[in-house]
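Working through the structure, step by step
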Amino acid sequence: MIYWTMEAEAAMNKSGVQGLMQYYNVLTTQLNETVDVVRSEIDKLQRCTLEALIVLDVHNKDVINQDLIQQNINDLNEFAWLAQLRYYWQDNDVIVKITNAVLAYNYEYLGNSARLVITPLTDRCYRTLCGAIHLNYGGAPEGPAGTGKTETVKDLSKALARQ
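Notes on the structure follow. Here the residue numbers are simple positions, counted from 1 along each chain's written sequence. Side-chain atom pairs in this predicted model are given and counted only at pLDDT of 80 or more, local residue features only at pLDDT of at least 70, and totals for whole chains, interfaces and linings cover all residues. Only hydrogens and water are set aside; all other atoms, that is, all heavy atoms of the structure, feed into the side-chain values.

1. Let's talk about the side chain of N65
With respect to the element layout, N65 can be found in helix α2 (residues 44-69). For N65, a relative accessible area of 19% gives the class buried. Any pair of residues with heavy atoms lying within 4.5 Å of one another is described as a contacting pair. Dropping the residues within four chain positions of it, N65 is found in contact with Y24 and Q70. Numbering of helices and strands runs from the N terminus; a helix is a DSSP stretch of H or I covering at least four residues, while a strand is a stretch of E covering at least two. The classification of residues rests on relative accessible area computed with a 1.4 Å probe and restricted to protein chains. Under 20% of the type maximum is buried, over 50% is exposed, and intermediate values are partly exposed.

Shown next, in the form of structure tokens:
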């Protein structure tokens, strides 16, 4: 995720939407290569790891295309970019940013498990909950039973590596 953030920002800075289009092609190639590996004979642990990676890669590729290229976003200060969960390596540490929230990555190993498919509603929950964590508050998603509230919070925990 650090590389995705770094490479997407470099593409935007270098040549705006054109750079993002080139980076989108790179992401597509990488995703196809990962899918080829999953289709080969690999053990269950490797398959689980790669399946989670594919879920994240598909979302990242969709962000580049649907949220940035199609909306003609070419500035790092545009909300469409700032609203993404972005990872940075700074001062020998990983920090996570989303909108104006800056959070520490906690490095807690939470096991090798599947990741949630990220939808626009998931992104919205991430923004809200990360903003609350940034302000030292908590969050309590509400809604009908079985709509994914607990799974969304658990997936955000995986993204921030904290329990």
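2. Focus on the layout of surface pockets
In this model, the largest pocket occupies a volume close to 810 Å³. Lining of the largest pocket is provided by 34 residues; of these, M1, A52, L53, L56 and R115 occupy positions nearest its centre. If you list the elements that add at least two residues to the lining of the largest pocket, you get α1 (2-38), α2, α4 (120-134) and α5 (149-160). With eight residues, α1 is the largest single contributor of residues to the lining of the largest pocket. Basically, the charged four are Asp, Glu, Lys and Arg, the nonpolar ten are Ala, Val, Leu, Ile, Met, Phe, Trp, Tyr, Cys and Pro, and anything else, Gly included, counts as polar. Residues that form the lining of the largest pocket fall into these classes: 20 nonpolar, eight polar and six charged. Estimates place the volume of the second largest pocket at around 320 Å³. Those elements that place two or more of their residues in the lining of the second largest pocket are α2 and α4. For the lining of the second largest pocket, the element with the highest residue contribution is α2, accounting for seven residues. With a 1 Å grid laid over protein atoms only, a set of points is called a cavity when a 1.4 Å probe fits there but cannot get out and a pocket when it is open yet has protein on both sides within 12 Å along at least five of seven lines; lining residues have an atom within 4 Å of a point. Grid points are joined across faces, edges and corners, and a volume is the space filled by probe spheres set on the points.

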